[in-house]
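Structural overview for review
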Amino acid sequence: MSGRVDHPLSEEHVRELLKRVKFPGFSRDIVSFGIVKTVSITDNNDVTIALHVVTRDQAVPQQIQRDVEAALRGREGIGRINVQMTAQQPPQQGQVPMAGSGGEPTRPQIAGVKHVIAVGSGKGGVGKSTVAVNLACALTKLGQQIGIMDADIYGPSVPKMMGTTSRPTITDEKLDPVENFGLKMMSMALLLDNDSPVIWRGPMIMKAIQQFSLAVNWGELDVLLVDLPPGTGDAQLSLAQTIALDGGVIVTTPQDVALEVARRGIAMFEKVNVKILGIIENMSYYVCPHCGKHDDVFGHGGGKQEAARLEVPFLGEIPLFSDIRICGDKGLPIVVAAPDSEPAKAFTKCAESVLKQLA
Ligand SMILES: Nc1ncnc2c1ncn2[C@@H]1O[C@H](COP(=O)(O)OP(=O)(O)O)[C@@H](O)[C@H]1O
Ligand SMILES: [Mg+2]
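Our focus in this paragraph is the pairing of strand β4 (residues 113-120). Among the eight residues of β4, eight are classified as buried, and the element is accordingly described as predominantly covered. Both β4 and strand β10 (residues 221-227) contribute to a ladder of six bridges, which runs parallel. Bridging across to β10, H115 finds its partner in V223. In terms of strand pairing, β4 meets strand β11 (residues 247-252) through four bridges, oriented parallel. By the bridge assignment, G120 is partnered in β11 with I250.

Printed below as a string of structure tokens:
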């Protein structure tokens, strides 16, 4: 029972007011970021709001608490306001043990998933999804249990690259991931009709990330890779609020302009205290499919220099190789289609570097 019969105060009304409170430093509100856990209202219209925020910055929960109180105070029909704020540090690198090393993860927010890695870039078209999919396949070949979450709802391309577009089934009110090449996958593209307009905006990204993190039967995984949408950092924050993230991988191309974008991508992870696991340079050099000759089309090596300059690990370089695109279009990642090819070996090297960073 809640609310008096004459002036019942509804939870929706309180949540609407809370939507006016922005997450400090971001353009989105605390409700869509999932900070508001519960809203309860007594018969006297006293309001208790439970908030939980994951951050390393102590000023953030304080600021949110003040803003929440200010948003509700003096509003008609609202009695006493009680804000219960809990803040939690994001997990530090190394707190979550690797498979087989014994011990329990400190914050196993997705039951059974040991590591969550976000794959990001400052802009689209650098081959982020291609890298995520081939990295996932390479990690699987290295004996890891892998899942891939396609959170790029502006351009969800993972299902096509993975050759699986069947609709997921539902078990125990959770979505079952689709499986192919020994790994599990979930994407918004599997839930949409082919021709439904992609009018999703920021809040939808957050919803999708929350649902894909917590409402999918991922089962036992060593690593869940998340293909993030390029953009403002909302997705990074949303993900960091929802689940324990072990780190971010930045995909870049070697040109200066793209490196600038990589810097932005890194800044987005840092803003939400997500550790950078490293940089992968894609389209690093050209391999002629006819003669196998190498050519540094975009001035190879920029990613490595940039990683050194920013003091983040360099995880490896992937050549520009037409078969990578052809395989992606066919839905058969090159790591699976041609495991002995030069690009497949390059992806495997990156996968080994990622595991080394997690160890
Ligand atoms: N190393 C590469 N060599 C050749 N083609 C590539 C390579 N990486 C990506 N591509 C192609 O470039 C296009 C964009 O890649 P995609 O992974 O969709 O980028 P993003 O996810 O960053 O938008 C795709 O057609 C893909 O097949
Ligand atoms: Mg993509």
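Moving on to the environment of V119. One can find V119 in strand β4. Measuring from C-alpha to C-alpha, the distance between V119 and I279 comes to 9.8 Å, with 160 residues separating the pair along the chain. Setting aside chain neighbours within four positions, we find V119 in contact with K128, V131, A132, L225, V226, D227, L228, V249 and V251.

Running from amino to carboxyl end, helix α3 (residues 128-141) crosses helix α12 (residues 342-358) at an angle of 75 degrees, the nearest separation of the two axes being 8 Å. Taken together, α3 and α12 sit at an angle that is classed as roughly perpendicular. Here N134, L135, A138 and L139 of α3 come into contact with α12, specifically with F347, T348, C350, A351 and V354. Its residues assigned to classes, the contact of α3 with α12 comprises seven nonpolar, two polar and no charged.

Quick look at helix α10 (residues 322-330) now. For α10, the full list of buried residues reads I324, C327 and G328. Burial along α10 is one-sided: seen end-on, the buried residues are contained in an arc of 100 degrees. Looking at α10, the residues exposed on the side facing more than 90 degrees away from the buried face are S322 and D329. Against the buried residues of α10 lie α3, α4 (158-162), α11 (334-337) and α12. Looking one or two residues beyond α10, the residue adopting positive phi is G331, at roughly 80 degrees.

Definitions and cut-offs
Residues numbered from 1 in each chain as written. Chains lettered and ligands numbered in written order. Predicted model: local features only at pLDDT ≥ 70, side-chain atom pairs only at ≥ 80, totals over all residues. Buried ≥ 20, exposed ≤ 12 C-beta atoms within 10 Å, placed from the backbone. Helix = DSSP H or I, 4+ residues; strand = E, 2+ residues; numbered from the N terminus. Pairing = 2+ DSSP bridges. Contact = placed C-beta atoms within 7 Å. Axes fitted to C-alpha atoms, helices over the stretch in contact; angles between N-to-C directions. Parallel < 35°, antiparallel > 145°, perpendicular 65-115°, else oblique. Nonpolar A, V, L, I, M, F, W, Y, C, P; charged D, E, K, R; others polar. Arc of directions from axis to C-beta.

Take it as geometry only, folks, not as evidence of what the structure does.
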